[in-house]
Amino acid sequence: MDSQIYGVLLLLLFLTVASAKPSNSTAQINSNSVLVALLDSRYTELSELVEKALLLHTLEEAVAKHNITIFAPRNEALERDLNPELKRFLLEPGNLKSLQNLLLFHMIPTRIDSNHWPASNPVHHTSLSNDRIPLRANNGDKTVSTAKVIKSDDIIRPDGIIHGIERLMVPKSVQQDFNARRNLRATSAVLPEGAPEVDPRTHRLLKKAPTGAPPALSIFDAMGPGPSLAPAPAPGPGGPQHHFDGESQVKDFIQTLLHYGGYNELADILVNLTSLATEMGRLVSEGYVLTVLAPNDEAMAKLTTERLSEPEQIMYYHLIPEYQTEESMYNSVRRFGEVNYDTLRLPHKVVAEEADGSVKFGQGEGSAYLFDPDIYTDGRISVQGIDGVLFPAEETAPPVAKVVSKPRRGKLLEVTCRMVGAVGQDAHFSSCH
């Protein structure tokens, strides 16, 4: 009798628990999950950011559907190497979406261990943030986007795998949100003022221009004489208040180049070998716009020492005094066939045309394709990555003076003059002189 009562109680307890469990609940995460391993791993900075970004529920759903691969930056990359302003931006409550996109950029809904890493050509995978991430192997080193893998297969679990990487990867969308927020914060308290109208011939002010007017002088008039790009002191739309903070914008695009990866040589030329970064910042502060055709490191490595002897002249030919994006340039070459863009290396122009569904600059063996479009676009500076270094077409050689040869006398006349000369009568024949 007691055993029957005990069995009835157990049945009632089981039915109570079963009825309390919701029918549409997701799969539960067990203690052997890759998420539990991440939260209990050496990657403490990443795990804290995952909790602050409220991503645990999203990741649980992802793990319940398929295996995932996590690329975990080492703690030092998030503690000391990360830009403090960017970290402050990511931790602000209003930027939760940017933080989530940054973290989901490091996760792929596919299991990729070291044995299945692409050997030669890069293979792109779609991350949980819907961004394309290239995986490649170079000289035995495994890389993901711009980061090097330092611990392959560091944590292996049935529902996922974790690889340790040396640095944090910042997707383009997050970098653009950060740049836009910083530019907005820098200009929100400044009252816009119009540029004065200037006579290009005398460089004298005529009358005050309406608010928001572009600089009255051309960018070539604003450039100082000589090899430097020192601008004239007049035509800024913000005047002495510098409505456009050109120095910060130039610093932003150089920092973006470094984060993007593959353009370290160009950044080194701008910062260390020339004063172009400062001079570009002054021009942008005065209201001018620039498009930078940025050769990647592979293209810069092919230059000879003689070619690199004048880095300023190389860079001047890669600076277009217009604001062009990949879309605007492609639409132009599709419509007009061939477009000539002015450069800051007067009087040379760079030729652009449509080729293979992209934009090709230059002609012949010295041409370069638009390789990484819209690396940086903030409305004042546009950076377009190209896979070659451009040089102006060689100057045409001066025409060679035509030498008119003296007409030769006929054979019969030569024999006659020789016979007449022998008898001393050649003076009477003008043809013999």
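Before reading further, recall that the structure is shown in the block above.
From a predicted model like this one, the values you see are computed outputs, not experimental measurements. Sequence positions are assigned chain by chain, starting from 1 and proceeding in written order. Since the coordinates come from a predicted model, pLDDT governs what is reported: local features require at least 70, and pairs of side-chain atoms require 80 or more to be given and counted, while whole-chain, interface and lining totals use all residues. To obtain the side-chain values, all non-hydrogen atoms of the structure were included, while hydrogens and water were left out.

Caption draft 1: Quick peek at unusual backbone geometry. For the bond running from Leu 346 to Pro 347, omega is -5°, close enough to zero to count as cis. Counting from the N terminus, the helices are DSSP H or I runs at least four residues long and the strands are E runs at least two residues long. On the secondary structure map, Pro 347 appears in the loop between strand S12 (338-342) and strand S13 (349-355). Its identity as a non-glycine residue notwithstanding, Ser 145 has a phi of 55°, on the positive side. The residue Ser 145 is located in the loop between strand S5 (141-144) and strand S6 (147-157) in this model. Positive phi, close to 55°, is recorded for Asp 356, a residue that is not glycine. We call a residue buried when its accessible area falls under 20% of the maximum for its residue type, exposed when it is over 50%, and partly exposed in between, using a 1.4 Å probe and counting protein chains only. On the basis of relative accessible area, Asp 356 is assigned to the exposed category, the value being 71%.

Caption draft 2: How the structure looks around the side chain of Thr 143. Structurally, Thr 143 is set in strand S5. Classification of Thr 143 as buried rests on a relative accessible area of 17%. The contact rule is simple, with two residues in contact once any of their heavy atoms fall within 4.5 Å. Setting aside residues no more than four positions away along its own chain, Thr 143 makes contact with Trp 117, Pro 134, Leu 135, Arg 136, Lys 148 and Val 149.

Caption draft 3: Examining the packing of helix H10 (residues 246-260) against helix H12 (residues 276-285) more closely. At a minimum axis separation of 7 Å, H10 and H12 run at an interaxial angle of 130°. Considered as vectors, H10 and H12 are oriented oblique to each other. The handedness of the crossing between H10 and H12 comes out as right-handed. Residues Gly 246, Glu 247, Gln 249, Val 250, Phe 253 and Ile 254 of H10 lie in contact with H12, whose contacting residues are Ala 277, Met 280, Gly 281, Val 284 and Ser 285. All axes here are fitted lines through C-alpha atoms, helices being fitted over the stretch that makes contact, and every angle between N-to-C directions spans 0 to 180 degrees. Every angle not falling under 35 degrees, over 145, or within 65 to 115 is termed oblique; those three ranges are roughly parallel, roughly antiparallel and roughly perpendicular. In this scheme, a crossing is called left-handed if the near helix is turned counterclockwise away from the far one by less than a right angle; it is called right-handed if the turn is clockwise.

Caption draft 4: A look at the sheet that holds strand S10 (residues 290-295). When DSSP locates at least two bridges between a pair of strands, those strands are taken to pair. Strand order in the open sheet made by the seven strands is S11-S10-S16-S15-S14-S13-S12, with mixed pairing throughout. The open sheet has two free edges, formed respectively by strand S11 (319-320) and S12, since each of these has just one partner strand. Sheet topology places S10 next to strand S16 (residues 381-386); six bridges connect them, and they run parallel. The residue bridging Thr 291 from the neighbouring strand is Ser 382, located in S16.

Caption draft 5: Structural detail: the packing of aromatic side chains. When two rings of Phe, Tyr or Trp (its six-membered ring) have centres within 6.5 Å they constitute a pair, described as stacked for plane angles under 30 degrees, edge-to-face for angles over 60, and tilted for the intermediate range. Counting across every chain of the model gives four aromatic pairs. A ring pair is formed by Phe 253 and Tyr 376, whose centres lie 6.2 Å apart and whose planes are at 50°; its orientation type is tilted. Taken together, the residues span a long stretch of sequence, with Phe 253 in helix H10 and Tyr 376 in strand S15 (residues 368-377) at a distance of 123 residues. The pair Phe 253 / Tyr 376 is uniform in exposure class, with both members buried. The ring of Tyr 43 has Arg 42 lying over it, and the distance from NZ or CZ to the ring centre is 5.9 Å. Counted as over-ring charges are cases with an Arg CZ or a Lys NZ within 6 Å of the ring centre that also lie within 35 degrees of the ring normal. Cation over ring: Arg 307 sits above Phe 391, and NZ or CZ is 3.9 Å from the ring centre.

Caption draft 6: How the structure looks around the sheet that holds strand S4 (residues 132-138). Read across the sheet, seven strands follow the order S2-S1-S7-S6-S5-S4-S3 without closing on themselves; strand pairing throughout is mixed. With partners counted over all chains shown, the strands left at the sheet margins are strand S2 (107-108) and strand S3 (123-126), one partner each.

Caption draft 7: Here's a closer look at the environment of Met 280. Mapped onto the secondary structure, Met 280 falls in helix H12. Since its relative accessible area comes to 1%, Met 280 is described here as buried.

Keep in mind that these numbers describe shape and distance, not what the molecule does.
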